[in-house]
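The primary structure of each chain is shown beneath.
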Amino acid sequence: MAKARARIARYRPKLPALLKGRQTLKIAVLADPHIGSTNPVFVPNWEMVVAYANARDDIDLVVILGDLTLLGSEQAEDLRFGRNALDSLKKPWLVLPGN
């Protein structure tokens with residue numbers, strides 16, 4: 001089976017701008033969300049964590065580690081779903097893809 005060819009554009013947060021003259025930066029780490037459009041079992045978890053992060057005034061950056069989507073490497077639709085889900089984050093974010 002051929003791999004999906006959708007892409008998530010690179011986003012490089014500007015760390016000096018995020019620091020806003022402070023000495024510290026608070027980072028929320030979301031690991032392996034595995035969200036997907038064809039098997040949405042983990043989507044409610046994603047929505048709760050995103051709502052929590054968005055409600056916090058002290059989070060400066062959200063880093064998503066590992067597999068953002070469940071089947072993004074095989075289904076372009078899932079990868080698009082994951083990219084659209086990132087738009088629900090109201091904080092600057094960075095995705096570091098998994099396997």
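Scroll up to find the structure this text is about.
K.L.:
Can you walk me through the pairing of strand E2 (residues 61-66) in this structure?
P.N.:
Consecutive side chains along a regular strand alternate between the two faces of the sheet. For E2, the buried fraction is high: five of the six residues fall into the buried class. Sheet topology places strand E1 (residues 27-31) next to E2; five bridges connect them, and they run parallel. Opposite Ala28, over in E2, you have Val62 as the bridge partner. At this point the chain moves from E1, through helix H2 (residues 43-55), to the parallel E2, and the crossover so formed is right-handed. Of the strand pairs in this sheet, E2 and strand E3 (residues 93-97) are connected by five bridges, and their pairing is parallel.

K.L.:
I would appreciate a short explanation of the nonpolar core in the present structure.
P.N.:
Burial of nonpolar side chains together is a common tendency in soluble globular proteins. In this structure, Trp46, Val62, Ile64, Leu86, Leu89 and Trp93 are the most contacted members of the largest nonpolar core, which totals 16 residues. Going through the elements one at a time, E1, H2, E2, helix H3 (76-86) and E3 are the ones with two or more residues in this core. With four residues, the top contributor of residues to this core is H2.

K.L.:
Just checking my understanding: could you explain the sheet that holds E3 for this structure?
P.N.:
Backbone-to-backbone hydrogen bonds pair the strands of a sheet. The strands run either parallel or antiparallel. What the three strands build is an open sheet, ordered E1-E2-E3; its pairing is parallel. The open sheet is flanked by E1 and E3, the only strands paired with a single partner. Across the sheet, the mean angle separating the axes of adjacent strands is 20° when strand polarity is ignored.

So, how was this worked out
Residues numbered from 1 in each chain as written. Predicted model: local features only at pLDDT ≥ 70, side-chain atom pairs only at ≥ 80, totals over all residues. Heavy atoms only, no water. Buried < 20%, exposed > 50% of the residue type's maximum accessible area, 1.4 Å probe, protein only. Helix = DSSP H or I, 4+ residues; strand = E, 2+ residues; numbered from the N terminus. Pairing = 2+ DSSP bridges. Right-handed = clockwise from strand over helix to strand, strands pointing away. Core = buried A, V, L, I, M, F, W, Y, C linked by side-chain atoms within 4.5 Å. Axes fitted to C-alpha atoms, helices over the stretch in contact; angles between N-to-C directions.

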